[in-house]
Amino acid sequence: MQLHRGDVVDGALTILDQYGLADLTMRRLAGSLRVQPGALYWHFPNKQALLGAVADRILAPMEQPVTASDWPDALSELAHRLRNCLLTYRDGAELVSATYASRLTTSKGRERIAGAVIRAGVPREQAELAAYTLLYYVLGHTVDEQSRMQMDSAGALPTPEPTEGPDPTARFDFGLQLFTAGIRHQLGAEIR
């Protein structure tokens, strides 16, 4: 059997889902693919490059067309899509966050968010800053959400605080509303 780059990424995603990011090692991946660890380095020069490719695969749905017609709904659609991408895989948010920090993944998702803000009439420089801000909000919220889900499944989660509310999606949406209102307030009449 010839090993392809996509096979390596598929195997890494399987391990990520079963064991989590901490246990996604080149040795474990090679064992699951029934190859020697050195065979993986034919496709990826190091683990960091592999993680970047895994993050790109996780974020692939960000490239699908946006159905919303106005910029606030487009931002919300993209933010929810990003959150869903991250929640699809165990430790998905942590992995993507780490690869964004080290610039090992593409920035297509962030660029899509910036494009939605630019269409609202926001100058490119400010739209880029807004896109980074929304990206970091989604990553942070989802890392926390995934951590809490894992703690809960292990029985290690204390009773929720009354201010947290029962629904992470409702908390997420509230943050998106604040974000959109902040863009409107900051830029006032300049935006459509």
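Residues numbered from 1 in each chain as written. Predicted model: local features only at pLDDT ≥ 70, side-chain atom pairs only at ≥ 80, totals over all residues. Heavy atoms only, no water.

Engineer: Tell me about the packing of aromatic side chains, and please be specific about residues and values.
Structural biologist: Within this structure, the stated rule accounts for two aromatic pairs. Consider the rings of Tyr132 and Tyr136, whose centres lie 5.9 Å apart with planes at 25°: the pair is stacked. Of the two residues, Tyr132 and Tyr136 both sit in helix 8 (residues 124–153), four residues apart, roughly one turn of that helix. Residue class for Tyr132 comes out partly exposed when judged on its relative accessible area of 28%. (Phe/Tyr/Trp six-rings, centres within 6.5 Å; stacked < 30°, edge-to-face > 60°. Helix = DSSP H or I, 4+ residues; strand = E, 2+ residues; numbered from the N terminus. Buried < 20%, exposed > 50% of the residue type's maximum accessible area, 1.4 Å probe, protein only.)

Engineer: Summarise helix 4 (residues 47–58); cite the residues concerned and give the values.
Structural biologist: In this model, helix 4 (12 residues) spans 16 Å end to end at C-alpha, consistent with the 16 Å of a helix rising 1.5 Å per residue. Buried residues of helix 4: Leu50, Leu51, Gly52, Ala53, Val54, Ala55 and Ile58, and no others. Looking at the buried residues of helix 4, the elements they touch are helix 1 (5–19), helix 2 (26–33), helix 5 (71–87) and helix 6 (92–101). The opening residue of helix 4 is Asn46, an N-cap whose side-chain oxygen sits 3.2 Å from the backbone nitrogen of Gln48. (Expected span 1.5 Å × (residues − 1). Contact = heavy atoms within 4.5 Å. Polar contact = N/O pair within 3.5 Å; in protein donor to acceptor, adjacent residues only side chain to side chain.)

Engineer: Can you explain the side chain of His141? Please cite residues and give values.
Structural biologist: Within the secondary structure, His141 sits in helix 8. What makes His141 buried here is its relative accessible area of 15%. Setting aside residues up to four positions removed in sequence, His141 forms contacts with Arg83, Pro168, Arg171 and Phe172.

Engineer: Lay out the side chain of Gln146 in plain terms, naming residues and giving numbers.
Structural biologist: As for its placement among the helices and strands, Gln146 is situated in helix 8. Look at Gln146 and you get buried, because its relative accessible area is 5%.

Engineer: Tell me what's going on with the nonpolar core, and back it up with residues and numbers.
Structural biologist: Among the nonpolar cores identified, the biggest contains 53 residues, and Leu50, Leu75, Leu95, Val96 and Ile183 are the most heavily contacted of them. Among the elements that take part in this core, helix 5 stands out by supplying eight residues, more than any other. (Core = buried A, V, L, I, M, F, W, Y, C linked by side-chain atoms within 4.5 Å.)

Engineer: Run through the environment of Thr25, naming residues and quoting values.
Structural biologist: Checked against the element boundaries, Thr25 lands in the loop between helix 1 and helix 2. For Thr25, a relative accessible area of 33% gives the class partly exposed. As a C-alpha pair, Thr25 and Ala12 span 13 residues in sequence and 8.7 Å in three-dimensional space.

Engineer: Please provide a residue-by-residue account of the UniProt feature "DNA-binding region" (unreviewed entry) in the chain, values included.
Structural biologist: Here, the residues flagged by UniProt with the feature "DNA-binding region" (unreviewed entry) are residues 25–44. Counted over residues 25–44, helix gives 60% and strand 0%. Its end C-alpha atoms are 13 Å apart. (UniProt positions renumbered as here; feature names shortened; annotations may be inferred.)

Engineer: Give a detailed account of unusual backbone geometry, specifying residues and quantitative values.
Structural biologist: Here the phi dihedral of Arg34 falls at roughly 60°; this positive angle occurs in a residue that is not glycine. With respect to the helices, strands and loops of the structure, Arg34 is situated in the loop between helix 2 and helix 3 (37–40).

Engineer: Mind laying out the confidence of the model for the chain, listing which residues take part and the relevant values?
Structural biologist: Looking at the chain as a whole, its pLDDT mean stands at 88, while 89% of the residues score no less than 70. Taken element by element, the predicted model of the chain shows its lowest mean pLDDT in helix 8 (88) and its highest in helix 1 (96). (pLDDT = per-residue confidence, 0-100.)

Engineer: Provide a residue-level description of the pattern of salt bridges, including the pertinent values.
Structural biologist: On inspection of all chains with the given rule, the structure shows six salt bridges. The residue Lys108 makes a salt bridge to Glu63 at a minimum N-O spacing of 3.4 Å. With Lys108 in helix 7 (residues 108–119) and Glu63 in the loop between helix 4 and helix 5, this residue pair connects regions lying 45 residues apart in the sequence. In this structure, the salt-bridge partner of Arg83 is Glu145, at a minimum N-O distance of 2.8 Å. Highlighted residues: Arg83 in helix 5 and Glu145 in helix 8, separated in sequence by 62 residues. Owing to a relative accessible area of 4%, Arg83 belongs among the buried residues under this scheme. The class for Glu145 is buried, based on a relative accessible area of 9%. (Salt bridge = Lys/Arg side-chain N within 4 Å of Asp/Glu carboxyl O.)

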